[in-house]
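One letter stands for each residue in the lines below.
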Amino acid sequence: MSRELGEEPPSSLRIVRVALAGNPNSGKTSLFNALTGANQHVGNYPGVTVEKRRGTCVRDGVRFEILDLPGSYSLTSYTPEERIAQEEILEGNHDVVVVVVDSNTLNRSLVLLAQVMLTGARPVLSLNMSDEAFRAGQRIDVDKMQVLLGFPVIETVGHRGLGADRLLEAIRKSAITPAERPRVVLGERLDAAILAIRARLGTAVFAPALHGWVAVKLLVGEQAFLDAAERGQEEEAIREALQRRHQIESETGMDISLFVTERFFGFVDGLLKEVVTHRARVDARELSNRIDKVLVNRVVGLPLFALVMFGIFWVTFSVGEAPMGWIEAGFGALGRWVSGWWPDGSSSVIRSLLVDGVIGGVGGVLVFLPNILLLFLGLAFLEDTGYMARAAFLMDRVMHLFGLHGKSFLPMLTGFGCTIPGIMATRTLENERDRLTTMLVLPLIPCGARLPILMLLIPAFFAESWRAPVLWAVYTGGIVLALFLALLLRRSLLRGEDAPFVMELPPYRLPTLRAVVLKMWGRGWLYLRKAGTVILAISLLMWVITAYPKPEQYQVDLEQAAGRLQELDHEQLAAHRAAEDLRYSIAGRLGRTLEPIVAPLGFDWRIVTGMIGAFAAKEVFVAQMGIVYSMGEATNGPETLRAALRRDYPPSVGLALILFLMIGAPCMATVAITRRESGAWKWALLQFGGLTAIAYLVSLVVYQVGRLVS
Amino acid sequence: MAPADPTSTLTGALEDYLETIFLLVRDKGFARVRDIAMAREVKSGSVSPALKRLSEMGLVNYERREYVGLTAEGEREARRVLARHDLLGRFFSEILGMSGEAASREACAMEHSLSAEAMDRLVRFFEFLTICPEMDLHWLEKFHCCTVVQEDVSSCTRVFPGPSKPRVDLREEPKSVTDLVPGREGRIRQVRAQGAVRQRLLDLGLLPEVVVRVERVAPTGDPIWISLQGSHIALRRCEAESVLISEE
Ligand SMILES: Nc1nc2c(ncn2[C@@H]2O[C@H](COP(=O)(O)OP(=O)(O)OP(=O)(O)O)[C@@H](O)[C@H]2O)c(=O)[nH]1
Ligand SMILES: [Mg+2]
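What counts as what
Residues numbered from 1 in each chain as written. Chains lettered and ligands numbered in written order. Predicted model: local features only at pLDDT ≥ 70, side-chain atom pairs only at ≥ 80, totals over all residues. Heavy atoms only, no water. Helix = DSSP H or I, 4+ residues; strand = E, 2+ residues; numbered from the N terminus. Buried < 20%, exposed > 50% of the residue type's maximum accessible area, 1.4 Å probe, protein only. Contact = heavy atoms within 4.5 Å. Areas by Shrake-Rupley, 256 points an atom, 1.4 Å probe, with all protein chains shown as cover. Near = heavy atom within 4 Å. Polar contact = N/O pair within 3.5 Å; in protein donor to acceptor, adjacent residues only side chain to side chain. Nonpolar A, V, L, I, M, F, W, Y, C, P; charged D, E, K, R; others polar. Pairing = 2+ DSSP bridges. Axes fitted to C-alpha atoms, helices over the stretch in contact; angles between N-to-C directions. Donors = N, O, S within 2.8 Å, 3.2 Å for Na, K, Ca; no water. Buried area = accessible area lost by both parts, 1.4 Å probe. Salt bridge = Lys/Arg side-chain N within 4 Å of Asp/Glu carboxyl O. Patch = residues over 30% accessible without salt bridge, like charges linked within 9 Å, V, L, I, M, F, W, Y side chains within 5 Å. Parallel < 35°, antiparallel > 145°, perpendicular 65-115°, else oblique. Left-handed = near helix turned anticlockwise from the far one by under 90°. Domains from an automatic or database assignment. Core = buried A, V, L, I, M, F, W, Y, C linked by side-chain atoms within 4.5 Å.

In this section: the overall build of chain B. Looking only at helices and strands, one finds 11 helices and seven strands in chain B. Residue burial in chain B is summarised as follows: out of 248 residues, 45% are buried. Long-range contacts, defined here as pairs at least 24 residues apart, represent 56% of the contacts in chain B between residues at least 6 apart. For chain B, the accessible area works out to roughly 13000 Å², and carbon and sulfur atoms hold 53% of it.

See the structure below:
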């Protein structure tokens, strides 16, 4: 495939604006990636894309500006993300609208094409997943289809990029040839009604190209269109629509929405009768069905699901251990090597900055890259095979018990990776209350950024044999708490009826190795980039406030001068001074000011400084503990950090700390995204305040009980 | 934010408005303020405050426009009110044997004064009378013959020599998708759901005459997994119940 990425277009370039529309999970994003070379999120379940994404590709002097849209079943708005797609298509800002359909379910997916045709857009049809349909024995006379429809039809295989070239060519052609408006034949009655309503529509509010679609919407009585028509003084058209509707309903005995939908399906049926030369001989889902017999089995379905989840986390932690050790050793060596540039005991600022700030801070975060990669590998596997949709099916009942929705489970699974995309993914929930509930409890799902915290703290405070169970308990605990809080919310602030659960289940698909690796790498790269930018910047800031200001005189020196202290050797003296430095610094003072608040939880000022950092980004906690300890002790490396933590805090503090960081104080980005997605500060603040309060209580109980016991 | 529970604050008059709008929309295709005023036999000016209240409760779409529409919630509410009215009417006519018009009048007078609980119990009682298969319906016939219809009390024992056709119509409940066991197919007859769910089901291809098959049910029995024309869909029983079928 030829595409020139990143090439500056010459000024004579023509620009063609393209939108990719289609049913959910029809492969729009796969095609988008193939066309633009992007690495946007793809997954084998409906509702992966919830935002518009732009990309470009340049070919033969034409610059294609491509817009990937969320999937939608029809142009009738329903969920927030479907509305995005609908608005984009109706606004008509595109030269070409590529309708991407799943060739396995043509009779349904082509309905959207018929609707797009009515909006006056210039369509190009992409028969995607043609590989699967071909294998099942379905054959389509594409040439005949093009003639009948009057615009290009291209068979594509999105995830392999097959047909992408021909698709671009077709887009280019249809953008420059002023094609006649394609005709949709919806049967005598409906066509007559549309014609009659159109004839009465003026051009004041609705663009003439859109009139066909407007007529349909007025006919079915969609409020938004009625309102717009009324504002535009289109009384005649409204009256005509009401009359026609009444007439159709009384003549056919069907309600209007059923009648119109049936007519669209009728149009598609007629078209398919003409162009499908061979119908599928075998069920394309044969293998899928057999797998589902086991995986979604009534008896073993749920246990298997638990096992799969357990397996993913087990792999994340156990397989990740070895490479983690290597990176740890690497950073240790690096730290020592860099230290070696200065004479022993030197108090050079640069050295402290490099060794304590950069290597101690960012290194402490980077160590966990293998675990992050493995976790995302597991999630990618769930997403790309299609098991994720089954998980929603299996878990719906359980989620229902807690006032949630099977589909709420998908954002939660995404939340294991990162809370931010999880919160975005709640857009696929139809019901506003479900959406808010899911959003508010989502930070309780332990995200990838909390993994480093767990990896640091659990081995520090728990014996080898306890680590795995504690880890497991923390994860399940987070989910269970999220569910109970959801129930609480649904019983109090967000009371209301249950939303319906209707969800399409795609067949299993074998992800390509490339897709999985790319996805894992994409996420890994994000983590690296975050470590190299945000985390680095915050670590440096934390380093500055932890290192400065320096006291002019050390208490130790004074005491020694006054003879109140016995002789100290060089090293002891340095340690005393370093400890004083710490306490004297901004971070030290800040921490000690706030210390009384968290003292009942057993936390001291050092932990406080780490928690301040954690608010910026959770990983910073690990970085900051590294900074504090490497400055205070002239030692470094995560293993020694763990030993130091073990020395300074009892296990009850360790557990309280883990719980606090898991439950409380979602990071800055979470607060911001909750504000954006809920549309109100109050929800973001409720989330932050509520979770922090709960975390405080839980940690308080754990620490105080632990103190009593020991 | 959660809207106030409409049922708790809906007064009798507002319920009547809701019902009127529903009937107008159903029969004429639209409801304008003046139609509503006419149907309720009030002045146009007194309609607006009521519509405003209903609109605040999220039951109707009304912002000083001429055309008034019901929201999904409003439609549900209206159906509930209507069903209640209908039921009371049937109680007075079928059980107590009053004339249709009188029964309807009584129903009107009574429906708003009953508490939700009393109404609910009455509904259940009525359902019990009409549906319970073990119920010996003769007593109702006897009741009619003895005290309401016949003045001649002594003849009442002679009227019923054996079982007779019950007067109350025991309509056969149509089958829904949920009645299919996994592996069985049925042909869709009707999709009864309302509003957005209905449109979603239609868009997914659940149309009359289409053959659906229940593939499996979730471990806990809900949701169920159906397939039609190559696509597979999960839906809760509650939604699936609205998809009526006839078994193949
Ligand atoms: N066999 C086959 N699989 C495909 C094809 N195109 C896409 N896929 C797979 O189908 C799944 C869905 O692809 P996406 O690109 O995420 O679909 P989408 O239309 O963007 O989905 P939403 O964003 O949820 O609306 C992924 O698992 C893809 O790998 C194709 O042509 N053939
Ligand atoms: Mg997508």
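The next point concerns the site of ligand 1. All names here are of chain A. The immediate surroundings of ligand 1 are formed by 25 residues, with Lys28, Thr29, Ser30, Val48 and Thr49 found nearest. Between ligand 1 and glycine 27, the relevant distance is 2.9 Å, taken from an oxygen atom to a main-chain nitrogen or oxygen of the residue. A distance of 2.8 Å separates an oxygen atom of ligand 1 from a polar atom in the backbone of glycine 47. Expressed as a share of its isolated accessible area of 650 Å², the protein-covered part of ligand 1 is 95%. Counting residues per element, the shell around ligand 1 draws most heavily on helix H1 (residues 28–36), at three residues. Its residues assigned to classes, the shell around ligand 1 shows seven nonpolar, 14 polar and four charged.

Residues and elements named next belong to chain A. Pairing within the open sheet is mixed, and its six strands lie in the order S2-S3-S1-S4-S5-S7. This sheet does not close on itself; its edge strands, each paired only once, are strand S2 (53–59) and strand S7 (153–155). Neighbour-to-neighbour, the strand axes of this sheet turn through a mean angle of 25 degrees, independent of strand direction. Sheet analysis places strand S1 (residues 14–22) next to strand S3 (residues 62–68), joined by seven bridges and oriented parallel. By the bridge assignment for S3, arginine 14 is matched with valine 62. Set on the sheet, helix H3 (residues 106–118) makes contact with S1, strand S4 (96–102) and strand S5 (123–128); between it and S4 the angle comes to about 165 degrees.

With that settled, consider the coordination of the magnesium ion (ligand 2). Residue and element names in this part refer to chain A. The magnesium ion (ligand 2) binds to the protein through Thr29 (OG1) and Thr49 (OG1); the donor distances cover 1.9 to 2.0 Å. With threonine 29 in helix H1 and threonine 49 in the loop between H1 and S2, this residue pair connects regions lying 20 residues apart in the sequence. Judged by its relative accessible area of 14%, threonine 49 is buried.

The subject of this paragraph is the environment of isoleucine 359 of chain A. Residue and element names in this part refer to chain A. Structurally, isoleucine 359 can be placed in helix H14 (residues 349–366). It is 6.9 Å that separates the C-alpha atoms of isoleucine 359 and phenylalanine 331, two residues lying 28 residues apart in sequence. Excluding its chain neighbours within four sequence positions, the residues that come into contact with isoleucine 359 are Phe331, Leu334, Gly335, Val338, Leu354 and Gly364.

What follows is about the interface of chain B and chain A. The figure often quoted for interface size is the accessible area lost as the parts come together. Taken residue by residue, the interface counts 43 residues in chain B and 54 residues in chain A. Summing both partners gives a buried area of about 4500 Å² for chain B against chain A, and 57% of it is carried by carbon and sulfur. On the chain B side of the interface with chain A, the three residues burying the most area are Arg200, Pro219 and Arg236 of chain B, jointly 17% of the side's total. The interface formed by chain B and chain A contains three salt bridges. Here arginine 200 of chain B and glutamate 82 of chain A are joined by a salt bridge, their closest N and O atoms 2.6 Å apart. At the junction of chain B and chain A, the tally comes to 11 residue pairs in polar contact (both at pLDDT 80 or more). For the side of chain B that touches chain A, the elements supplying multiple residues, two or more each, are helix H2 (12–28), helix H10 (195–203), strand S4 (211–217), strand S5 (224–228) and strand S6 (231–235) of chain B. At eight residues, H10 of chain B tops the list of elements feeding residues into the side of chain B that touches chain A. Residues of the side of chain B that touches chain A, tallied by class, amount to 21 nonpolar, 10 polar and 12 charged.

All names here are of chain A. On the surface, Phe310, Trp314, Val319 and Trp472 cluster together to form a nonpolar patch covering roughly 400 Å² of accessible area. Ranked by residue count, the leading element in the nonpolar patch is helix H13 (residues 301–339), at three residues. Tracing the chain through its elements places phenylalanine 310 in helix H13. A relative accessible area of 37% places phenylalanine 310 in the partly exposed class.

On the secondary structure map, threonine 261 of chain A appears in helix H11 (residues 256–275). Among the residues examined, threonine 261 of chain A registers a relative accessible area of 6% and is labelled buried. For the pair threonine 261 of chain A and proline 551 of chain A, spaced 290 residues apart in sequence, the C-alpha to C-alpha distance is 78 Å. Ignoring sequence-local partners within four residues, the contact set of threonine 261 of chain A consists of Gln199, Leu202, Asp203 and Leu207 of chain B. A distance of 2.6 Å separates a polar atom in the side chain of threonine 261 of chain A from the backbone oxygen of serine 257 of chain A.

All names here are of chain A. As a packed pair, helix H15 (residues 369–385) and helix H17 (residues 409–417) sit with axes 9 Å apart at the nearest point and diverge in direction by 155 degrees. Relative to H17, the element H15 lies roughly antiparallel. The interaxial crossing formed by H15 with H17 has left-handed handedness. Across the interface between the two elements, Leu375, Phe376, Leu379 and Leu382 from H15 touch Leu413, Phe416 and Gly417 from H17. Split by residue class, the contact of H15 with H17 holds six nonpolar, one polar and no charged.

All right, on to the domain arrangement of chain B then. One can read the domain layout of chain B as domain 1 (10–113) and domain 2 (175–247). The centre of domain 1 of chain B, based on its C-alpha atoms, is set 32 Å off from the matching centre of domain 2 of chain B.

With that settled, the discussion passes to the nonpolar core. Membership of the largest hydrophobic core comes to 116 residues, with the highest contact counts inside it found for Leu457, Phe603, Ile607, Phe621 and Leu645 of chain A. The leading source of residues in this core is helix H21 (residues 464–491) of chain A, at 10 residues. When neighbours within four sequence positions are excluded, leucine 457 of chain A is seen to be in contact with Phe621, Leu645, Leu657, Ile658 and Leu661 of chain A. Among the nonpolar cores identified, the runner-up in size contains 93 residues, and Leu190, Val220 and Ala229 of chain A together with Leu180 of chain B belong to it.

Residue and element names in this part refer to chain A. Considering all chains together, one arrives at 43 salt bridges over all chains under this definition. With a closest N to O distance of 3.6 Å, glutamate 65 and arginine 63 form a salt bridge. Measuring nitrogen to oxygen at the nearest pair gives 2.9 Å for the salt bridge that ties aspartate 648 to arginine 647. Accessibility expressed as a relative area gives 26% for aspartate 648, which makes it partly exposed. When salt bridges with common partners are traced through the structure, they connect Glu51, Arg53, Arg427, Arg435, Arg676 and Glu677 into a single cluster.

A few words on unusual backbone geometry. With an omega of -15 degrees, the peptide bond running from tyrosine 548 of chain A to proline 549 of chain A counts as cis. Turning to its location among the elements, proline 549 of chain A is positioned in the loop between helix H22 (513–547) and helix H23 (555–561). For alanine 665 of chain A, which is not a glycine, the phi torsion comes out positive at approximately 40 degrees. Looking at the element boundaries, alanine 665 of chain A is found in the loop between helix H29 (651–663) and helix H30 (668–678). Take alanine 665 of chain A: its relative accessible area is 18%, and that puts it in the buried class. The phi dihedral of glutamine 229 of chain B falls on the positive side, at around 45 degrees, and the residue is not glycine.

With antiparallel pairing, six strands are arranged side by side in an open sheet as S9(A)-S6(B)-S5(B)-S4(B)-S3(B)-S7(B). Edge positions in the sheet fall to strand S9 (502–504) of chain A together with strand S7 (243–247) of chain B, since each has one partner strand and no second. Adjacent strand axes in the sheet meet at a mean angle of 40 degrees, parallel and antiparallel pairs treated alike.

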